[in-house]
Number of protein chains: 2
Amino acid sequence: MQPSVFFYITYTLCLCLGLLCVLFVSYWSSQWRGGFSWDGSALQFNWHPVLMVSGLVVLYGIALVVYRVPSTWKQKKHPWKLVHAGLMLLALLLSILGLCAVFDFHKHFNLPDLYSLHSWVGICTVAMFAFQWILGLAGFLVPCSPLWFRNTLKPVHIWLGKAILILSLISCISGINEKLLFVLNGSSAEPYNSLPAEAKFANSLGILIVAFGLVVFGILSKNKWQRPETEGESVHLLLTEETS
Amino acid sequence: MQPSVFFYITYTLCLCLGLLCVLFVSYWSSQWRGGFSWDGSALQFNWHPVLMVSGLVVLYGIALVVYRVPSTWKQKKHPWKLVHAGLMLLALLLSILGLCAVFDFHKHFNLPDLYSLHSWVGICTVAMFAFQWILGLAGFLVPCSPLWFRNTLKPVHIWLGKAILILSLISCISGINEKLLFVLNGSSAEPYNSLPAEAKFANSLGILIVAFGLVVFGILSKNKWQRPETEGESVHLLLTEETS
């Protein structure tokens, strides 16, 4: 099998899992949790899992592997840098909106913010994501950034990118677990440990999220699937450096 | 700064964070949760977080980076393979003992097993870990394993090794969060959202676990810190293949 055929099979699996995650989290919130609104009620809270899973996990994961698609390798890298940065910005904005949903809900019910371990890890994840995006913009998109800065930043950017995905997965799984403990053990006739339909469905959503994350890591860890650095790009980088 | 100096600083940080994780989880269980026993009571449950954090996260993480220590590179690889496999076996046994602790506790109180998302991810983690250990033994330690099998297995083994660490981190953080929700919101005078001392301490344990995991990933993601494959090792591998 051609390496690129194997890539496209894995990439298709990644996209399908990502789509399933978004569908599952939306269905959970609308079918079992009453749907959506933006009025400080529990229906506003429902935006939180949908936006975090869609932004912080799925869109973030897809943006991470954008350079790996072989059909883009013959094109210049710069437009794909813009696609990468654009998708990441959208993922960051969705995540921030997801945080606003939960903070507004807490405010409306006079509930304290940021006490659970889930919330501690979650807020660190979004803060690191915002920091990484600004650092990436300064290092790789601003034309006057010096070459030594780009070279130093690149391995940090790659490591931090993977670290944020790990943190996103931890935040989402601990959050779904926490929500199920609250709603099923709090007021439901069927507690979580009787594994009602909602619990089975939301647990399956958690497994899908983990599977998506591991496929993204699989794509990232295969050296053969890295975009080759062409000579032209290095020259472009050097020219940018010399004219800066 | 010499690359190996930077490695040893990072490695020392990794070991210190690992030690802190073990100390924090032991202190949490003994100071706030009443200590340990093996009699089916809540004190038996207390072994669960201690054994999972020590085995599935800390020992597992240390075993993952054992080949990266530069002072071992001048020695033959085979003894270090045995160290890697031995540490992994110990980590696996501690994790299985940690599962026994919680299953026994559930049995004693007639509580159902494996209903929460935490438990679904956790059981998958230990199952994948056991599968990976057996596969690693068959592929890299049994002398008669064919070369094509080793070569095919190696990238899968590396990816699965990282995947299991991610799953371990997810399992531990969701588990600590779940335990705090149970014990603080269940019978405690100070609920989780009032952030009593126990909550602050156990949340900090969670952050330490995440930090340890990310430092291990940092060590693994630096190509310069990979053990160089010497010619002798390749010849040894070929000879093993030819005589098999």
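Residues numbered from 1 in each chain as written. Chains lettered and ligands numbered in written order. Predicted model: local features only at pLDDT ≥ 70, side-chain atom pairs only at ≥ 80, totals over all residues. Heavy atoms only, no water.

A. Geometry of the overall build of chain A. Assigned secondary structure in chain A consists of 8 helices and 0 strands. Start at the N end of chain A and walk to the C end: the helices and strands fall as α-α-α-α-α-α-α-α. In terms of overall dimensions, chain A has a C-alpha envelope of 65 × 45 × 25 Å along the principal axes. Pairs at least 24 residues apart make up 74% of the contacts formed inside chain A by residues separated by at least 6 positions. Here chain A displays about 11200 Å² of accessible surface, and carbon together with sulfur accounts for 70% of that area. (Helix = DSSP H or I, 4+ residues; strand = E, 2+ residues; numbered from the N terminus. Contact = heavy atoms within 4.5 Å. Areas by Shrake-Rupley, 256 points an atom, 1.4 Å probe, with all protein chains shown as cover.)

B. View of the UniProt feature "domain: Cytochrome b561" (unreviewed entry) in chain A. The UniProt feature table records "domain: Cytochrome b561" (unreviewed entry) at residues 13-221 of chain A. The span residues 13-221 of chain A is 78% helical and 0% strand by assignment, and the distance between its end C-alpha atoms comes to 16 Å. (UniProt positions renumbered as here; feature names shortened; annotations may be inferred.)

C. Here's a closer look at the nonpolar core. Of all hydrophobic cores here, the largest spans 121 residues; its most connected members are Ile209(A), Phe212(A), Ile209(B) and Phe212(B). Ignoring anything within four residues of it in the chain, the contact list for Phe212(B) reads Cys14(B), Leu17(B), Gly18(B), Cys21(B), Val57(B), Val58(B), Gly61(B) and Ile62(B). (Core = buried A, V, L, I, M, F, W, Y, C linked by side-chain atoms within 4.5 Å. Buried < 20%, exposed > 50% of the residue type's maximum accessible area, 1.4 Å probe, protein only.)

D. Quick peek at the UniProt feature "transmembrane region" (unreviewed entry) in chain A. All names here are of chain A. With numbering matched to this structure, UniProt assigns "transmembrane region" (unreviewed entry) to residues 5-27, 47-70, 82-105, 117-144, 156-176 and 201-220. Taken end to end, residues 5-27 has its terminal C-alpha atoms 33 Å apart, with 100% of it in helix and 0% in strand. Secondary structure over residues 156-176 splits into 100% helix and 0% strand, and the C-alpha atoms at its two ends are 30 Å apart.

E. Focus on the state of the cysteines. All names here are of chain A. By the definition in use, this model includes 0 disulfides over all chains. Free cysteine: Cys14, not disulfide-bonded; nearest cysteine sulfur from Cys16 at 9.2 Å. We classify Cys14 as buried; its relative accessible area is 0%. Here Cys100 is not cross-linked by a disulfide; its sulfur's nearest cysteine counterpart is in Cys172, at 16 Å. (Disulfide = S-S within 2.5 Å.)

F. Geometry of the relation of the copies chain B and chain A. Screw-axis analysis of chain B against chain A gives a translation of 0.0 Å along the axis, an RMSD of 0.0 Å, and a rotation angle of 180°. Viewed as a symmetry operation, the transformation between the two copies matches a two-fold axis. (Least-squares fit on C-alpha atoms with pLDDT ≥ 70 in both.)

G. Spatial organisation of the packing of helix α6 (residues 147-186) of chain A against helix α7 (residues 197-221) of chain A. Residues and elements named next belong to chain A. Interhelical geometry of α6 versus α7 gives an angle of 175° and a closest axis separation of 10 Å. Taken together, the axes of α6 and α7 are roughly antiparallel relative to one another. Residues Lys162, Leu165, Ile166, Leu169, Cys172, Ile173, Ile176, Leu180, Val183 and Leu184 of α6 form the contact with α7, whose participating residues are Glu198, Ala199, Ala202, Asn203, Leu205, Gly206, Ile209, Val210, Gly213, Val216, Phe217 and Leu220. Looking at the contact of α6 with α7, its residues break down into 17 nonpolar, 3 polar and 2 charged. (Axes fitted to C-alpha atoms, helices over the stretch in contact; angles between N-to-C directions. Parallel < 35°, antiparallel > 145°, perpendicular 65-115°, else oblique. Nonpolar A, V, L, I, M, F, W, Y, C, P; charged D, E, K, R; others polar.)

H. Geometry of unusual backbone geometry. You will see that Leu195(A), though not glycine, has its phi angle at about 50°, which is positive. By the secondary structure assignment, Leu195(A) is in the loop between α6 and α7. Notably, Leu114(B) is not glycine yet its phi reads approximately 50°, a positive angle. Of note, Leu114(B) is situated in the loop between α4 (77-108) and α5 (117-141). For Leu114(B), a relative accessible area of 35% gives the class partly exposed.

I. How the structure looks around the side chain of Ser95(A). All names here are of chain A. Here Ser95 shows up in helix α4 (residues 77-108). Classification of Ser95 by relative accessible area gives buried; the value is 0%. Once residues within four sequence positions are removed from consideration, Ser95 is found in contact with Met52, Gly55, Leu56, Val126 and Phe129.

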